[in-house]
Amino acid sequence: MPEGPEIRRMVDDIHKAVGGKTAQSVFFAFEHLKPFENALRGRRVERVEARSKAVLVFFEATDEDGPWCVYSHNQLYGKWRMGTPDREPSTRRQLRFAIIGPKKAARLYSASDIQLVRPDELSEVPYLSRLGPDPLNQDVSVDQLLAVFDDKRFRGRNLGGLLLDQAFVAGIGNYLRSEILFEAGASPRARPRDLDADQQSRLAEAILTLVQRTYQLKGITNPPERAERLKKEGWTFGQRRHMVFNRDGERCHDCASPLVKTMMASRRLYYCPACQGVPV
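The notes below deal with the structure included here. (Residues numbered from 1 in each chain as written. Predicted model: local features only at pLDDT ≥ 70, side-chain atom pairs only at ≥ 80, totals over all residues. Heavy atoms only, no water.)

This part is about helix H6 (residues 174-184). Counting buried residues in H6 gives 10 out of 11 residues, a clear majority hidden from the surface. Turning to H6, its buried residues number three or more, namely Asn174, Tyr175, Leu176, Arg177, Ser178, Glu179, Ile180, Leu181, Phe182 and Ala184. Residues of H6 that are buried in the fold lie against helix H1 (4-18), helix H5 (159-162), helix H7 (197-216), strand S9 (260-264) and strand S10 (267-271). Gly185 sits one or two residues past H6 and shows a positive phi near 65°. (Buried < 20%, exposed > 50% of the residue type's maximum accessible area, 1.4 Å probe, protein only. Helix = DSSP H or I, 4+ residues; strand = E, 2+ residues; numbered from the N terminus. Contact = heavy atoms within 4.5 Å.)

Shown next as C-alpha cells:
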C-alpha cells in the first residue's frame, strides 16, 4: 500500500491534471453515485488534497447547490492514472471514478472506498475521523507530537507497532517506520513512556524530517548528501534509497554493523542493533 509521501505526490499529479479546471464530465462506477455525475459536470475542481492515505477532490458550489468533495482511499489495489480525455490507458483494472477536464483526465481504477461528501461533513467519514496528526499535509509541530506520545492510548505500546497506527501519526507505513526508528536511534520495542525527554524529541524530529524528505526526494529516505554520494559510487536507486529498510545483512551506513530483519505487527521491520539500543 502506498504511504503518505506517495499519496501526496499522486495528489500533486491529480491537481496538475484537473485542479482549477472545469469538469467536462464525471464518471462513477457505483450505482448509488451515478445520479451525481450530472450534478458535478460543469463544476470547477477547486483543489485536490491528501489526508494520510486518502484523496480528496473538492468541487465548487453552484447557484443551485453547495460544494461537494469526492473522498477515496486506494486501499491495496486502487491506482490513479493521468491521461488525455479521449484515450483511456491500457489496463485490466476496473474504472471506478473519473474526472475529464478540457485537456487532461484523472482516472481512479480498482478502488472500492469512494464517497461523495459535503466538505463540512468530512470529519464524519470513518477513516478520516480516526486520523492522528498528519505531518505531510498539516502544520504539525514537535510539541504536538510530544502530546500525542503522552496520550494514554499510545504511551504504553511499542513503537514498532504503534507507528503503523494511523490514529497515532497519519501517513506512516511500513518502510517509513523502520527509517524513522533508525533516524531516532530508537528500539522498535521501546514505548513512548520508556523514552526520556531528549529521546522523545529526537523521535518527533525524525517523524517530521523523514515524511518531508521522502516526499521531496521521491521515495528516498537517506539524507540527500549520502544518496548523491552512493549514486556516484554506482549504487542503484533501490540500493541507495533507504537507510535500513530492505537491507537485511548489509552494513549500517553509520556504524558498519550488520542490519537485521524481523517481523512486528505481522510486517517486516529492519533495524541496526548497535545504533538502536536493545535489539528486538
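Once that is clear, we can look at the packing of H6 against H7. Packing of H6 against H7 leaves a shortest axis separation of 8 Å and a crossing angle of 130°. Relative to H7, H6 is oriented oblique. As for how H6 packs across H7, the hand of that crossing is right-handed. Side by side, H6 and H7 meet where Tyr175, Leu176, Glu179, Ile180, Glu183 and Ala184 of the first sit next to Arg202, Leu203, Ala206, Ile207, Leu210, Val211, Arg213 and Thr214 of the second. Its residues assigned to classes, the contact of H6 with H7 comprises nine nonpolar, one polar and four charged. (Axes fitted to C-alpha atoms, helices over the stretch in contact; angles between N-to-C directions. Parallel < 35°, antiparallel > 145°, perpendicular 65-115°, else oblique. Left-handed = near helix turned anticlockwise from the far one by under 90°. Nonpolar A, V, L, I, M, F, W, Y, C, P; charged D, E, K, R; others polar.)

Following both chains from N to C, one finds helix H4 (residues 142-149) and H7 inclined at 120°, their axes separated by 9 Å at the closest point. The orientation of H4 relative to H7 falls into the category oblique. You can see that H4 and H7 cross each other, and the crossing is right-handed. Of H7, the residues touching H4 (which contributes Val142, Leu145, Leu146 and Phe149) are Gln200, Ser201, Leu203, Ala204, Glu205, Ile207 and Leu208. Looking at the contact of H4 with H7 residue by residue, the classes come out as eight nonpolar, two polar and one charged.

This next bit is on the environment of Gly20. Note on placement: Gly20 falls in the loop between H1 and strand S1 (25-28). Separated by 27 residues in the primary sequence, Gly20 and Arg47 place their C-alpha atoms 6.6 Å from one another.

Attention now moves to the pairing of strand S3 (residues 54-59). Looking along a regular strand, one sees the side chains alternate between the two faces of the sheet. The buried fraction of S3 amounts to six of the six residues, a majority that puts the element mostly inside the structure. Of the two faces of S3, both are covered, the one formed by Ala54, Leu56 and Phe58 as well as the one formed by Val55, Val57 and Phe59. As consecutive antiparallel partners, strand S2 (residues 45-51) and S3 are separated by two residues, and within that stretch Ser52 has a phi angle of approximately 55°, a positive value. Alignment of S3 against strand S4 (residues 68-73), held across six bridges, turns out to be antiparallel. Residue pairing across strands places Phe58 opposite Cys69, the latter belonging to S4. (Pairing = 2+ DSSP bridges.)

Turning our eyes to something else, we now look at the sheet that holds strand S5 (residues 79-83). Pairing between the strands of a sheet comes from backbone hydrogen bonds, and it takes one of two forms, parallel or antiparallel. The four strands lie next to each other as S1-S6-S7-S5, forming an open sheet whose pairing is antiparallel. On the outer flanks of this sheet lie S1 and S5, each paired with one strand and no other. Each strand of the sheet is rotated relative to its neighbour by a mean of 15°, with strand direction disregarded. Sheet topology places S5 next to strand S7 (residues 105-109); five bridges connect them, and they run antiparallel. Bridge pairing in S7 places Met82 opposite Ala106. The sheet strands contacting H1 are S5, strand S6 (95-100) and S7, and the helix crosses S5 at an angle near 35°.

Read these as spatial facts, not as claims about activity.
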